[in-house]
Amino acid sequence: MKPRPILAIALILAGSACGRGDAPPPVAAEAPASAPALRLSASAWALPVDTAAAQPDLVAGADGRLLLSWIESHDGEHRLRLAQSSDAGHAAWSAPVQVAAGRDWFVNWADTPHVMATADGALWAHWLRKSASAPYAYDVALARSADDGATWSAPVLVNNDGTSTEHGFVSLWPAAEDRLGIAWLDGRHNAAASTDAHAGHEDHGGTMSLRSAIVDAELRRSDEVELDRRTCDCCQTDVALTEGGTLLVYRDRSVEELRDIAAVRRGPGGWGAARMVHPDRWTMPACPVNGPAVAARGSRAVVAWYTAAGDTPTLKLARSEDAGDSYAAPRVLDQGAQVQGRVDVAIAADAVWVLWLREDAQGQSLQLARYAADLSGEPQRLELARLQGRGRATGFPQLALSGAAAYAVWTDVADGRPRLHGARIVAR
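Residues numbered from 1 in each chain as written. Predicted model: local features only at pLDDT ≥ 70, side-chain atom pairs only at ≥ 80, totals over all residues. Heavy atoms only, no water.

Undergrad: Looking at this model, I keep getting lost on the overall build of the protein chain. Mind explaining?
TA: Along the protein chain, the regular secondary structure elements total two helices and 30 strands. Relative to its full complement of 428 residues, the protein chain shows a buried share of 57%. When contacts within the protein chain are restricted to residue pairs at least 6 apart in sequence, those whose partners lie at least 24 apart make up 53%. (Helix = DSSP H or I, 4+ residues; strand = E, 2+ residues; numbered from the N terminus. Buried < 20%, exposed > 50% of the residue type's maximum accessible area, 1.4 Å probe, protein only. Contact = heavy atoms within 4.5 Å.)

Take a look at the structure:
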């Protein structure tokens, strides 16, 4: 399918109130005085999606290609679709393929499917499938393709506890040439409380746990372990590969209802002990549905997260120079009532990129910042998009790096219909 130009590009990249039109000149943000030669420049990035769609996932493969997945929903049926960039500049795409479809799925603005590629050339994808009539009774389904997405295996359930509880907020990583690592939040300890009806994710009772496993090419699960018995109920998890092993971040939950960010690393000897990234001491009686993001390169890792400790919404970043053994004092990137969080982060040899959402009286906006690799100095910043959608409908934006550019994908909603949009950003 030939990619279509992004609609309403004047609104998307320039913040204009006008409707559809031709793309304006790239938006630019001046670099700080310490680096006067650099500025951020964004341009529209055409996506291979020409219909209503939401729940995007964007992943950069080890070979430099970008994997984009999304969900299309129509008349009660949901379809998980996948496309791959097919040229060095990521301006062209493979024809989208259908990973799976069903009418028994759990489709949610915050708990979304993910995709991954392993070194053997296989593609992996997960989605969520209802297990009972209770609002938050669903399982994690996983499938593998050995032929570049042309066909997919029958799905298997990652969780096999058999409880009609919540299982989701998944992170995937390549655990070996032909094996996938997977971590998820698991409600098996909360079977009674999770069958109650709730108005939203944040109203869950009881506790969730964090579990992980390794899945081989035959979709056989091994090395399953419970990493934390008490976590935040419905905040996203995220993972990055460091030279010291796999670094997994999540929002913890203490018996005092402190909901700060923790990290745990899997090395050659297995998983180590969880460590607090920073003691915000945010006391929160319900789930904020706002998980952390992590990126790593070598021994350097950067964690980004939202907190409202002290009743002040804040976006923070902390770096580790020892693959997650310790973390420097965090930097505050954004702060104030307009900060929504929903953050993503990516790391290059010379920079750290951060993507997040704000919402004020004028509506939502998508923000981008670029720091030096060690988070020193002031970041370059850019308002990447002004959105028509508000609240949860816009979901979680996605960020990936390939070559010298950053790529962002997000959901906007106009006339009640979700659409995906993209941008390519360079510093020059």
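Undergrad: Any chance you could explain the packing of aromatic side chains here in plain terms?
TA: Two aromatic rings, taken as a pair, are described by how far apart their centres are and by the angle between their planes. Evaluated as defined, the whole model comprises eight aromatic pairs. Ring centres of Trp45 and Trp93 lie 5.3 Å apart, and the angle between their planes is 35°; this geometry places the pair in the tilted category. With a gap of 48 residues between them, Trp45 in the loop between strand E2 (39-44) and strand E3 (54-60) and Trp93 in the loop between strand E5 (77-84) and strand E6 (97-102) connect regions that are remote in the sequence. On the basis of relative accessibility, which here comes to 3%, the residue Trp45 falls in the buried class. Ring plane angle 55° and centroid distance 4.7 Å describe the contact between Trp45 and Tyr407, whose orientation is recorded as tilted. In this pair, Trp45 is assigned in the loop between E2 and E3 and Tyr407 in strand E29 (residues 405-414), connecting sequence segments 362 residues apart. Tyr407 shares its class with Trp45; the two are buried. A network of ring pairs unites the aromatic residues Trp45, Trp93 and Tyr407 as a single cluster. (Phe/Tyr/Trp six-rings, centres within 6.5 Å; stacked < 30°, edge-to-face > 60°.)

Undergrad: What am I meant to see in the nonpolar core here?
TA: Across soluble globular proteins, nonpolar side chains have a tendency to be buried as a group. In this structure, Val99, Trp127, Ile182 and Leu248 are the most contacted members of the largest nonpolar core, which totals 55 residues. For Ile182, the contacting residues outside a window of four places in its chain are Val140, Val158, Val170, Ser171, Leu172, Trp173, Arg211, Ser212, Ala213 and Val215. (Core = buried A, V, L, I, M, F, W, Y, C linked by side-chain atoms within 4.5 Å.)

Undergrad: Would you take a moment to explain unusual backbone geometry for this structure?
TA: Among all residues save glycine, negative phi is the norm, and among peptide bonds the norm is trans. You will see that Asp148, though not glycine, has its phi angle at about 65°, which is positive. Relative to the helices and strands, Asp148 is located in the loop between strand E9 (138-145) and strand E10 (156-157). Under the relative-accessibility criterion, Asp148 is labelled partly exposed at 44%. Unusually for a residue other than glycine, Ala323 sits at a positive phi of about 60°.

Undergrad: Looking at this structure, how should I read the pairing of strand E30 (residues 417-427)?
TA: Where a strand is regular, its side chains alternate between the two sheet faces. Pairing geometry for E2 and E30, over five bridges, is antiparallel. The partner of Ala44 across the bridge, within E30, is Ala423. Two elements, E29 and E30, share nine bridges in a ladder whose sense is antiparallel. Directly across from Trp410, in E30, lies its bridge partner His421. (Pairing = 2+ DSSP bridges.)

Undergrad: Explain the pairing of E5 to me, please; I cannot follow it from the model alone.
TA: Bridge analysis of strand E4 (residues 66-74) against E5 gives eight bridges, and the strand direction is antiparallel. Residue pairing for E5: Ser69 is matched across the bridge by Leu82. Connecting the antiparallel pair E4 and E5 is a turn made up of two residues, with Asp75 showing a positive phi of about 50°. Of the strand pairs in this sheet, E5 and E6 are connected by five bridges, and their pairing is antiparallel.

Undergrad: Would you explain the sheet that holds strand E26 (residues 363-372) in this entry?
TA: By definition, the strands of a sheet pair up through backbone hydrogen bonds, in either a parallel or an antiparallel sense. Taken together, four strands build an open sheet; the order of strands is E24-E25-E26-E27 and the sheet is antiparallel. In the strand order of this sheet, the two ends are held by strand E24 (339-347) and strand E27 (380-386), each with one partner. Pairs of neighbouring strands in the sheet enclose a mean axial angle of 20°, with direction left out of account. Bridging between strand E25 (residues 351-360) and E26 involves 10 bridges; their strand directions are antiparallel. Each bridged residue has a counterpart across the sheet, and for Leu355 the counterpart in E26 is Leu368. (Axes fitted to C-alpha atoms, helices over the stretch in contact; angles between N-to-C directions.)

Undergrad: It is not clear to me how the side chain of Asn290 should be interpreted in this structure. Could you clarify?
TA: Residue placement: Asn290 occurs in the loop between strand E19 (275-276) and strand E20 (293-297). Separated by 2.7 Å, the side chain of Asn290 and the backbone oxygen of Gln340 make a polar contact. Setting aside residues no more than four positions away along its own chain, Asn290 makes contact with Cys235, Gln236, Arg251, Tyr306, Gln340, Gly341 and Arg342. (Polar contact = N/O pair within 3.5 Å; in protein donor to acceptor, adjacent residues only side chain to side chain.)

Undergrad: What am I meant to see in the environment of Val170 here?
TA: The residue Val170 is located in strand E11 (residues 167-176) in this model. A relative accessible area of 3% places Val170 in the buried class. Sequence spacing of Val170 and Ile182 is 12 residues, and the spatial spacing of their C-alpha atoms is 6.9 Å. Here Val170 is in contact with His114, His126, Val140, Ile182, Ala183, Trp184 and Thr237, once residues within four sequence places are set aside.

Undergrad: Just checking my understanding: could you explain the sheet that holds E4 for this structure?
TA: Pairing is antiparallel in the open sheet, where four strands are placed in the order E3-E4-E5-E6. Of all strands in the sheet, those bounded by a partner on one side alone are E3 and E6. The mean angle between the axes of side-by-side strands here comes to 15°, regardless of whether they run parallel or antiparallel.

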